[in-house]
Amino acid sequence: MKEIDLSYSKLETLPGTFAELDGLKTLNLAVTQLKTFPKAIIPLKAITEINLTSTNVGLIPDDIVHMKFGVILRLSGIPNLTLDHLKYVISIAKGKVFYTSFGYFVS
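Here the structure is a predicted model, which means the values were calculated and not measured.

Asker: Break down the overall build of the protein chain for me, citing the residues and quoting the values.
Answerer: The helix and strand inventory of the protein chain stands at one helix and six strands. Along the protein chain, from the amino end to the carboxyl end, the secondary structure elements read β-β-β-β-α-β-β. At 12 Å, the protein chain has a C-alpha radius of gyration in line with the 13 Å of a compact globule built from 107 residues. Projected onto its principal axes, the C-alpha positions of the protein chain cover 35 × 25 × 20 Å. Counting all 107 residues of the protein chain, 42% fall into the buried class. Considering only intrachain contacts with a sequence separation of at least 6, the fraction spanning at least 24 residues in the protein chain is 33%. About 5600 Å² of surface is accessible on the protein chain, with carbon and sulfur atoms providing 56% of the total.

Shown next, in the form of structure tokens:
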């Protein structure tokens, strides 16, 4: 499986086994019921793009430093993501691209 689109669903969490989807390249979790950043996406080996637009994932965990280099994260419309926290994440998460309500950032 290379692409999963769960957008506009009532999804609240991802199972830990989600991290075993080694061939997954694109993941769309936009407009879901997520309340926290889904840590199960961090170890995905082939992932290139993750869309979390209009979710409530807010604080991005420090574990994001372990995410694959070159991943594009779409984070627009996240009401509880602050610019200060985003700046912190950008400073620690090298090799990521962030599309946010604050603008486009490359770490």
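Asker: Lay out the pattern of salt bridges in plain terms, naming residues and giving numbers.
Answerer: As enumerated under the stated definition, the model contains two salt bridges in all. Note that E49 and R74 form a salt bridge whose closest N and O atoms lie 2.5 Å from each other. In this pair, E49 sits in strand β3 (residues 49-51) while R74 sits in strand β4 (residues 72-75), placing the two residues 25 residues apart along the sequence. Judged by relative accessible area, which is 27%, R74 ranks as partly exposed.

Asker: Help me get a handle on the pairing of strand β5 (residues 97-100), residues and values and all.
Answerer: Note: β4 against β5, four bridges, orientation parallel. Paired with L73 across the strands is F98, a residue of β5. In this fold, the crossover linking β4 to β5 by way of helix α1 (residues 83-92) has right-handed handedness. Inspection of the sheet shows β5 paired to strand β6 (residues 103-106) by four bridges, in the antiparallel sense. Residue V97 lies in a different strand from β6, and its bridge partner there is V106.

Asker: Please provide a residue-by-residue account of the environment of T36, values included.
Answerer: Here T36 shows up in the loop between β2 (26-28) and β3. By relative accessible area, T36 is classed as exposed at 54%. In sequence terms T36 and T53 are 17 residues apart; their C-alpha atoms lie 13 Å from each other. In contact with T36, not counting residues within four places along its chain, are N56 and V57.

Definitions and limits used
- Residues numbered from 1 in each chain as written.
- Predicted model: local features only at pLDDT ≥ 70, side-chain atom pairs only at ≥ 80, totals over all residues.
- Heavy atoms only, no water.
- Helix = DSSP H or I, 4+ residues; strand = E, 2+ residues; numbered from the N terminus.
- Rg over C-alpha atoms; globule rule 2.2 N^0.38 Å.
- Buried < 20%, exposed > 50% of the residue type's maximum accessible area, 1.4 Å probe, protein only.
- Contact = heavy atoms within 4.5 Å.
- Areas by Shrake-Rupley, 256 points an atom, 1.4 Å probe, with all protein chains shown as cover.
- Salt bridge = Lys/Arg side-chain N within 4 Å of Asp/Glu carboxyl O.
- Pairing = 2+ DSSP bridges.
- Right-handed = clockwise from strand over helix to strand, strands pointing away.

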